[in-house]
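Geometric and topological summary
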Amino acid sequence: MALAPYTTLGVGGPARWFARVTRPPELLEALPFARARRLPLFVLGGGSNLLVSDEGFPGLVIHAVFGARAIVHPAAQSYEPKLNPATMTVTADAGMVWDDFVLSICEQGISGVECLAGIPGLVGGSPIQNIGAYGQEVANSIRSVTALDIETQEYVVLDHHACGFAYRRSVFNTALRNRYIVTAVEFQFDLEARPELAYADLVRHFAGASAEPTPQDIYHAVRAIRARKGMLLVEGDSDARSAGSFFKNPVVEEVAVARVAHAAGVPRAEIPHWPAENGRLKLSAAWLMERAGFHKGFAMGRAGLSSKHVLAIVNRGGATAAEIVALRDAVVREVEGRFGIRLEQEPVMLGFTPTE
Ligand SMILES: Cc1cc2nc3c(=O)[nH]c(=O)nc-3n(C[C@H](O)[C@H](O)[C@H](O)COP(=O)(O)OP(=O)(O)OC[C@H]3O[C@@H](n4cnc5c(N)ncnc54)[C@H](O)[C@@H]3O)c2cc1C
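Description of the structure in this document. (Residues numbered from 1 in each chain as written. Predicted model: local features only at pLDDT ≥ 70, side-chain atom pairs only at ≥ 80, totals over all residues. Heavy atoms only, no water.)

In this section: the overall build of the protein chain. Along the protein chain, the regular secondary structure elements total seven helices and 19 strands. Rg of the C-alpha trace for the protein chain: 21 Å, near the compact-globule value of 21 Å for 356 residues, within the 12% margin. Seen through its C-alpha atoms, the protein chain measures out along the principal axes to roughly 60 × 55 × 40 Å. The proportion of buried residues among the 356 residues of the protein chain is 51%. A separation threshold of at least 6 residues defines the contact pool for the protein chain, and within that pool the share at least 24 residues apart is 65%. Roughly 16300 Å² of accessible area belongs to the protein chain as shown, and the carbon and sulfur atoms make up 52% of that amount. (Helix = DSSP H or I, 4+ residues; strand = E, 2+ residues; numbered from the N terminus. Rg over C-alpha atoms; globule rule 2.2 N^0.38 Å. Buried < 20%, exposed > 50% of the residue type's maximum accessible area, 1.4 Å probe, protein only. Contact = heavy atoms within 4.5 Å. Areas by Shrake-Rupley, 256 points an atom, 1.4 Å probe, with all protein chains shown as cover.)

Turning next to the nonpolar core. Counting residues in each nonpolar core, the largest one holds 55 residues, and the members touching the most others are Trp98, Phe101, Phe187, Phe189 and Leu202. Elements that contribute at least two residues to this core include exactly helix H1 (27-36), strand E4 (57-64), strand E6 (87-93), helix H2 (98-106), strand E9 (142-149), strand E11 (180-190), helix H3 (200-206) and helix H4 (215-228). With six residues, E11 is the largest single contributor of residues to this core. Once you skip the residues sitting within four places of it in the chain, Phe187 turns out to touch Met88, Thr89, Val90, Ala92, Trp98, Phe101, Val123, Ser126, Val138, Ser141, Ile142 and Arg143. Ranked by size, the runner-up nonpolar core spans 40 residues in total, among them Val257, Ala261, Trp287 and Leu327. (Core = buried A, V, L, I, M, F, W, Y, C linked by side-chain atoms within 4.5 Å.)

Close contacts around the ligand come from 33 residues, with Val43, Gly45, Ser48, Gly132 and Arg226 the closest. At 2.8 Å, a backbone N or O of Gly46 approaches an oxygen atom of the ligand. Measuring from an oxygen atom of the ligand, one finds a backbone N or O atom of Gly47 at 2.8 Å. Coverage of the ligand by the protein chains reaches 95% of its 960 Å² of free accessible surface. For the shell around the ligand, the secondary structure elements donating two or more residues are strand E2 (41-44), strand E7 (132-133), E11 and strand E12 (242-245). In terms of residue class, the shell around the ligand is made up of 17 nonpolar, 13 polar and three charged. (Near = heavy atom within 4 Å. Polar contact = N/O pair within 3.5 Å; in protein donor to acceptor, adjacent residues only side chain to side chain. Nonpolar A, V, L, I, M, F, W, Y, C, P; charged D, E, K, R; others polar.)

Here we take up the sheet that holds E11. Here we have five strands laid out as an open sheet, ordered E5-E6-E11-E9-E10, and antiparallel in their pairing. For this open sheet the edge positions go to strand E5 (70-73) and strand E10 (154-159), each flanked by a neighbour on one side alone. Averaged over neighbouring strand pairs, the angle between their axes works out to 20° when direction is ignored. (Pairing = 2+ DSSP bridges. Axes fitted to C-alpha atoms, helices over the stretch in contact; angles between N-to-C directions.)

Under the defined criterion, the tally for this structure stands at 18 salt bridges. Among the ionic pairs, Arg194 bridges to Glu212, the shortest N-O distance being 2.8 Å. In this pair, Arg194 is assigned in the loop between E11 and H3 and Glu212 in the loop between H3 and H4, connecting sequence segments 18 residues apart. Take Glu212: its relative accessible area is 48%, and that puts it in the partly exposed class. With a shortest N-O distance of 2.5 Å, Asp201 and Lys229 are connected by a salt bridge. Here Asp201 is found in helix H3, whereas its partner Lys229 is found in the loop between H4 and E12, with 28 residues between them in sequence. For Lys229, a relative accessible area of 27% corresponds to the partly exposed category. Residues joined by salt bridges that share partners form a network here, namely Asp149, Glu151 and Arg179. (Salt bridge = Lys/Arg side-chain N within 4 Å of Asp/Glu carboxyl O.)

Our focus in this paragraph is unusual backbone geometry. Residues apart from glycine generally show negative phi values, whereas peptide bonds are mostly found in trans. Although it is not a glycine, Tyr134 adopts a positive phi angle of roughly 45°. Note on placement: Tyr134 falls in the loop between E7 and strand E8 (136-137). The buried category is assigned to Tyr134, whose relative accessible area is 11%. Non-glycine residue Asn278 carries a positive phi angle of around 55°.

So, about the packing of aromatic side chains. Enumeration according to the criterion identifies 13 aromatic pairs in this entry. Pairing Tyr6 with Phe18 gives two aromatic rings, centres 4.8 Å apart and planes at 40°, and the pair type is tilted. Remark: Phe18 occurs in strand E1 (residues 15-21) and Tyr6 occurs in the segment before E1; sequence separation between them is twelve residues. For the ring pair Phe187 and Phe189, a centre distance of 6.2 Å and an interplane angle of 5° mean the geometry is stacked. As far as burial versus exposure is concerned, Phe187 and Phe189 are alike and both buried. Connected via pairs of aromatic rings, a cluster forms that spans Trp98, Phe101, Phe187 and Phe189. The ring of Tyr167 carries Lys282 above its face, with NZ or CZ at 4.0 Å from the centroid. (Phe/Tyr/Trp six-rings, centres within 6.5 Å; stacked < 30°, edge-to-face > 60°. Lys NZ or Arg CZ within 6 Å of the ring centre and 35° of its normal.)

Take a look at the structure:
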């Protein structure tokens, strides 16, 4: 089964075996099938954070499209430390389209995920890299994740703390990578929370508005901003043939900021940076790339950078995975050579080593 059509980048070879799983109980047939044949396993959601190799994957791909519902639990307790009685808990099936879930919450006037509007993919993929945008992270609304443990073939519920969320990280893409198949995500929303307006683009969008924007207003504003940046999947927009941002914003020690300023020949104050975890600072990967000579629309064969957003590597038409990787390597090499900072890739790689 060709995998390229199942990814937003649209590159990559076939899977040896492919199972579209629409109900979690079917997993208990798929897992023994793979185990009996000693096949490596890969769980596929919306394929929006994925780069598949040209050779494809020599194992079983489980297309996890179970369910499309979000169920509200009327009276549920909040997770610590925010003991707030005015909360709403919602459990969403892993197979629900993420943006549909966000809209369903915003339509109820509830704040918490409005800035995550328009992110492609399914609910089951949202905790994996702790999706984030415009000042919000999904981790802030996740109460627990229900998953099938591939090793024991038993269901587990990981509470918020057990998920180990950090910037674009969780246990699902670090210590316990490839261990679980997420079947549902439980969210908790603070019913008194005010909509999030942290990012400059959003503040500008609502400048001069007479009333405070509702979550639904922000949902639509975020989608409009994303469309302008090619970060929304829009039919016919070749800039959207990507896996979103290809590089994470590097999180560095204070001393690295001075080093970047020195290398760029600008005052430290001109280096875009934000506070990050543990007193560290987050730099802008896009700024570093532009300073290293990569501009919007940069092309290298059939791979390129989006003409609207330098961080997105795009398939300009018929690109191979090898061409995407060659452009990635060129960016990493130049940025590291210029600033001593090694950019880390965001999309997951599949089929580049014998077992994954
Ligand atoms: C145009 C565009 C814009 C984007 N913008 C953003 C953004 O603003 N912020 C952001 O954080 N990301 C962004 N992304 C990346 C991507 O949309 C998210 O990471 C999304 O959550 C991936 O979900 P998916 O269902 O497509 O997962 P996939 O790409 O199918 O898989 C990604 C990883 O999650 C695992 N996975 C998926 N589903 C499950 C499951 N049910 N159980 C266990 N593991 C699973 C896969 O094995 C894989 O390791 C963008 C992508 C695109 C194409």
